[in-house]
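The primary structure of each chain is shown beneath.
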Amino acid sequence: MARILTGIQSTGTPHLGNILGAIQPGIELSEKPENEAFLFIANLHALTSIKDAEIIRENTRSVAAAWLAFGLDTSKNTFYRQSDVPEVCELMWYLSCFSPFPMLANAHSFKDKSENLSVVNTGLFTYPVLMAADILLYDAEFVPVGKDQKQHLEMTRDIAGKVNQLHEDLLVVPDSLISEKVMVVPGTDGRKMSKSYDNTLNVFLPEKKLKKQVMSILTDSTPLEEPKDPDTCNVFNLFRLVADDNSVAEMRKNYLAGGYGYGHAKKELLGVLVDKYEEQRNRYQELMEDPQTLEDALKTGADKAREVASGVLTRLRDALGY
Ligand code: ADP
Ligand code: TRP
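Residues numbered from 1 in each chain as written. Chains lettered and ligands numbered in written order. Predicted model: local features only at pLDDT ≥ 70, side-chain atom pairs only at ≥ 80, totals over all residues. Heavy atoms only, no water.

**Student:** I'd love a proper account of the overall build of the protein, names of residues and values included.
**Tutor:** The number of helices and strands found in the protein is 13 helices and five strands. Expressed as a percentage of the 322 residues in the protein, the buried residues total 48%. Within the structure as shown, the protein displays about 16,100 Å² of accessible surface, and the carbon and sulfur contribution to it stands at 51%. (Helix = DSSP H or I, 4+ residues; strand = E, 2+ residues; numbered from the N terminus. Buried < 20%, exposed > 50% of the residue type's maximum accessible area, 1.4 Å probe, protein only. Areas by Shrake-Rupley, 256 points an atom, 1.4 Å probe, with all protein chains shown as cover.)

**Student:** Break down the domain arrangement of the protein for me, citing the residues and quoting the values.
**Tutor:** When the parts of a complex come together, some accessible area is lost, and that lost area is often used as the size of the interface. For the protein, the assigned domains are domain 1 (2-185 + 291-320) and domain 2 (205-276). A straight line from the C-alpha centre of domain 1 to that of domain 2 covers 36 Å. Taken together, the contacts link four residues of domain 1 with four residues of domain 2. Around 310 Å² of area is buried between domain 1 and domain 2 when both sides are counted, 94% of it from carbon and sulfur atoms. Among the residues domain 1 hides against domain 2, the three largest losses belong to L16, L20 and V185. Together they make up 81% of the total. Here domain 1 and domain 2 share zero salt bridges between them. Between domain 1 and domain 2 we count zero residue pairs in polar contact (both at pLDDT 80 or more) in total. Counted by class, the side of domain 1 that touches domain 2 contains four nonpolar, no polar and no charged residues. (Domains from an automatic or database assignment. Contact = heavy atoms within 4.5 Å. Buried area = accessible area lost by both parts, 1.4 Å probe. Salt bridge = Lys/Arg side-chain N within 4 Å of Asp/Glu carboxyl O. Polar contact = N/O pair within 3.5 Å; in protein donor to acceptor, adjacent residues only side chain to side chain. Nonpolar A, V, L, I, M, F, W, Y, C, P; charged D, E, K, R; others polar.)

**Student:** Can you lay out the site of ligand 1 for me, pointing to particular residues and giving the numbers?
**Tutor:** In the vicinity of ligand 1, the contacting residues are H15, G17, N18, G21, A22, M183, V184, V185, K192, M193, S194 and K195. One of the side-chain N or O atoms of S194 is found 2.7 Å from an oxygen atom in ligand 1. A distance of 2.8 Å is found between an oxygen atom of ligand 1 and a backbone nitrogen or oxygen belonging to K195. Burial of ligand 1 by the surrounding chains reaches 75%, relative to a free accessible area of 540 Å². (Near = heavy atom within 4 Å.)

**Student:** Can you lay out the site of ligand 2 for me, pointing to particular residues and giving the numbers?
**Tutor:** In the vicinity of ligand 2 there are 14 residues, among which G7, Y127, M131, D134 and Q149 approach most closely. In isolation ligand 2 exposes 370 Å². Once the protein is present, 89% of that is buried. Looking at the shell around ligand 2, the elements with two or more residues in it are strand 1 (2-9), strand 2 (35-42), helix 6 (122-136) and strand 4 (142-145). Of the residues assigned to the shell around ligand 2, the class counts are eight nonpolar, five polar and one charged.

**Student:** Can you break down the environment of L137 residue by residue, with the values?
**Tutor:** Of note, L137 is situated in the loop between helix 6 and strand 4. In this structure, the C-alpha to C-alpha distance between L137 and L29, residues 108 residues apart in sequence, is 21 Å. Filtering out sequence-adjacent residues up to four positions away, L137 remains in contact with V85, E87, V88, L91, V308, A309, V312 and L313.

**Student:** So what about the side chain of N59? Which residues, and what values?
**Tutor:** Along the chain, N59 falls in helix 2 (residues 53-69). Residues contacting N59, with those up to four places away along its chain left out, are S10, T11, G12 and I50.

**Student:** I'd love a proper account of the pairing of strand 4, names of residues and values included.
**Tutor:** Examined bridge by bridge, strand 4 and strand 5 (residues 175-178) share four bridges and lie parallel to one another. Pairing of V143 across the sheet is with S176, part of strand 5. Once the chain exits strand 4 it traverses helix 7 (residues 150-163) before rejoining the sheet at strand 5, and the crossover so formed is right-handed. (Pairing = 2+ DSSP bridges. Right-handed = clockwise from strand over helix to strand, strands pointing away.)

**Student:** Give me the packing of helix 11 (residues 262-276) against helix 12 (residues 278-288): which residues, what numbers.
**Tutor:** Between helix 11 and helix 12, the shortest axis-to-axis distance is 4 Å and the interhelical angle comes to 60°. The orientation of helix 11 relative to helix 12 falls into the category oblique. For the pair formed by helix 11 and helix 12, the contact residues are L273, V274, D275 and K276 on the first element and E278, Q280 and R281 on the second. (Axes fitted to C-alpha atoms, helices over the stretch in contact; angles between N-to-C directions. Parallel < 35°, antiparallel > 145°, perpendicular 65-115°, else oblique.)

**Student:** Could you give an account of the packing of aromatic side chains, with specific residues and numbers?
**Tutor:** The geometry of an aromatic ring pair is captured by the separation of the ring centres together with the interplanar angle, meaning the angle of the planes. Scanning the entire structure with this criterion turns up 13 aromatic pairs. Ring geometry for Y94 and Y322: centres 5.7 Å apart, planes at 10°, overall stacked. Remark: Y322 occurs in the segment after helix 13 (291-320) and Y94 occurs in helix 3 (residues 87-96); sequence separation between them is 228 residues. You can call Y94 buried: its relative accessible area is 11%. Residues F204 and Y284 carry aromatic rings whose centres are separated by 4.0 Å and whose planes lie at 10° to one another, so their mutual orientation is stacked. (Phe/Tyr/Trp six-rings, centres within 6.5 Å; stacked < 30°, edge-to-face > 60°.)

Shown next, in the form of structure tokens:
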């Protein structure tokens, strides 16, 4: 069995980009019989930017509900909330004493984030050490992440290597799994769909609200009767990611033929989103209205996670003299 581990920051309701780019590929990996997945909600990392307790709680529930609505099997895998395993903070301290200061100071993500902030907190600086602790606490072997997290994974490997100079094989040095076929889901304005750009489609919303988001997709001003280029159109580029092949071919033909407006295309896109994700939307709503079921699932995950964590931590405490 290969132990796969990944964390999902809880910074808002997962959007279509998160679903197609992270949740569905993550669930596929977790379903392979040769894998055992540890998936957790990185709600401690979220504190680097969010300081409101209710928002922290709400985002955690929302991310958990999204993963469960898309069918994550919590009996085969370990699905938990980062803060439910406080051992991670202890490990983070040990690891920070092995982390070279310049390595952290050179992190791209720290430099990018701190440039845009008036107040830079130390949590932002030590973010990669907490991430290393997330991974090393569970003897994870493979960590699927997006390209933007590659440097953080290299730091994790570096830190583990430094600890292993004390004793060989004290920590498992993980490999990153960076997906080759990176799918970038465009947002309503054509840039990458992202919470930070306010250009998301939220498929968990009721139809009326989702319709508003779909109708806001940016298009050019080609008149209805004229032929249109499907490949440069945001509506078509979203449609091709969610519709079946026949419908995509049909829409392409309509664009090229003319007499087919962006309003028609948006209506079709909305229809596909509403139908395709009906079951997940209902399940998500049920879970959001039933916090106890979410709590129970996360609690079961935390118990499983803590068992593994305490074994690894004991090994490390021993080696360090505690
Ligand atoms: P956001 O940009 O909305 O803040 P995150 O950075 O929290 O999203 O991303 C969480 C996960 O979702 C990551 O694994 C990331 O690669 C994936 N993801 C985010 N946006 C997209 C997108 N537009 N297309 C594909 N995958 C995405
Ligand atoms: N930093 C990751 C992100 O922003 C989330 C994360 C936290 C993570 N801890 C992790 C990912 C451990 C993989 C492994 O997407």
